[in-house]
Amino acid sequence: MSELKEFHFLVGETLMFCQTVELDIKYIYAAMLKGDFDENYEEVEALTLGQTLKRLKKLDYSYSNHFFTEEDYKLLEEITEKRNHIVHKTYQDFVYDKGYEYTKSYNKELRNLRAFHDMMSRLSDSVEEVRFKALEAYHRN
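Now for a look at the structure at hand. Keep in mind that what you see is a predicted model, and the values were worked out from it rather than measured.

### Description of the packing of aromatic side chains
Then, number 1: What the rule picks out here adds up to 13 aromatic pairs.
Then, number 2: Consider the rings of Phe94 and Tyr106, whose centres lie 4.8 Å apart with planes at 80 degrees: the pair is edge-to-face. Of this pair, Phe94 sits in the loop between α4 (70–88) and α5 (104–137) while Tyr106 sits in helix α5, placing them 12 residues apart in sequence. Exposure class is identical for Phe94 and Tyr106. Each is buried.

The structure is reproduced here in structure tokens:
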């Protein structure tokens, strides 16, 4: 696979991981809220990840057993900035450079993208496990 094809693949898969994490966070929050799960989800569906995380953290920490640690919340809060960089800036930093694959900016973007992709892959799996636990704990299966 050429480096640019790898870059495109990493962008796409990384954004998929970001979206699944956001969706899982919303499911967890909706599961924890009192009332009908579907109605709860409809209420949170339009919220941003940041808005949902704030509400989830407050609710999560109102119980003695938390689904996420402070470090987990900090990591989850960082996703938005990095995702926005990929969506709005990552190609701009090199796309008009001739021979971009040899430029520092391209190689820096590729390194950062690989690292974020790998982190999001692991995080996506972890958050999905928490979603399963939350749905079970709140009898939402």
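### Notes on the pattern of salt bridges
Then, number 1: Under the counting rule described, the total for this entry stands at six salt bridges.
Then, number 2: Notably, a salt bridge pairs Asp24 with Arg131, separated by 2.5 Å at the nearest N-O pair. Taken as a pair, Asp24 in helix α1 (residues 3–32) and Arg131 in helix α5 lie far apart in primary sequence, 107 residues in all.
Then, number 3: Relative accessible area serves as the criterion here: at 6%, Asp24 is assigned to the buried category.
Then, number 4: Within the structure, one salt-bridge network assembled from shared partners comprises Glu22, Lys26 and Arg83.

### Thoughts on the side chain of Asp24
Then, number 1: A polar contact of 2.5 Å, which involves the side chain of Asp24, links it to the side chain of Arg131.
Then, number 2: Asp24 has contacts with Ser124, Val127, Glu128 and Arg131, leaving out every residue within four places of it along the chain.

### A few points about unusual backbone geometry
What is expected of a backbone is that most residues other than glycine have negative phi and most peptide bonds are trans.
Then, number 1: With phi around 55 degrees, His139 is a residue other than glycine that occupies positive phi space.
Then, number 2: Turning to its location among the elements, His139 is positioned in the segment after α5.

### Focus: the packing of α1 against helix α2 (residues 37–44)
Then, number 1: Viewed as axis vectors pointing N to C, α1 and α2 meet at an angle of 130 degrees, and their least axial separation amounts to 8 Å. Here α2 runs oblique to α1, going by the angle between their axes. The element α1 and its partner α2 pack so that their crossing is right-handed. Residues Leu23, Lys26, Tyr27, Tyr29, Ala30 and Ala31 of α1 form the contact with α2, whose own contacting residues are Phe37, Asn40, Tyr41 and Val44.
Then, number 2: A breakdown of the residues in the contact of α1 with α2 according to their chemical character gives eight nonpolar, one polar and one charged.

Basis of the calculations
- For every chain, the first residue of the written sequence is number 1, and numbering continues from 1 onward in sequence order.
- pLDDT decides what is reported in this predicted model: residues at 70 or higher carry local features, side-chain atom pairs at 80 or more are listed and counted, and totals for whole chains, interfaces and linings draw on all residues regardless.
- By convention in this description, side-chain values take in all heavy atoms of the structure and omit both hydrogens and water.
- Aromatic contacts are taken between Phe, Tyr and Trp rings whose centres are within 6.5 Å, Trp giving its six-membered ring; a plane angle under 30 degrees counts as stacked, one over 60 as edge-to-face, and the others as tilted.
- The way it works is that DSSP assigns letters per residue, a run of H or I at least four long becomes a helix, a run of E at least two long becomes a strand, and they are numbered from the N terminus.
- Categorising residues by exposure relies on relative accessible area from a 1.4 Å probe, with only protein chains included: less than 20% of the type maximum marks a residue as buried, more than 50% marks it as exposed, and the intermediate range marks it as partly exposed.
- Think of a salt bridge as a Lys or Arg side-chain nitrogen and an Asp or Glu carboxyl oxygen that are within 4 Å of each other.
- Think of a polar contact as two N or O atoms within 3.5 Å of one another; within protein, one of them needs to be a possible hydrogen donor and the other a possible acceptor, and neighboring residues in sequence only count if both atoms come from side chains.
- Note on contacts: a residue pair qualifies if any of its non-hydrogen atoms lie within 4.5 Å across the two residues.
- Lines fitted to C-alpha atoms define the axes here, with helix axes fitted over just the stretch in contact, and angles between the N-to-C directions of these axes take values from 0 to 180 degrees.
- Any angle that falls under 35 degrees is termed roughly parallel, while one over 145 is termed roughly antiparallel, one within 65 to 115 roughly perpendicular, and all others oblique.
- Crossings are classed by handedness, with left-handed meaning an anticlockwise turn of the near helix from the far one by less than a right angle and right-handed meaning a clockwise turn.
- All residues other than Ala, Val, Leu, Ile, Met, Phe, Trp, Tyr, Cys, Pro, Asp, Glu, Lys and Arg, Gly among them, are scored as polar; the first ten of these are nonpolar and the last four charged.

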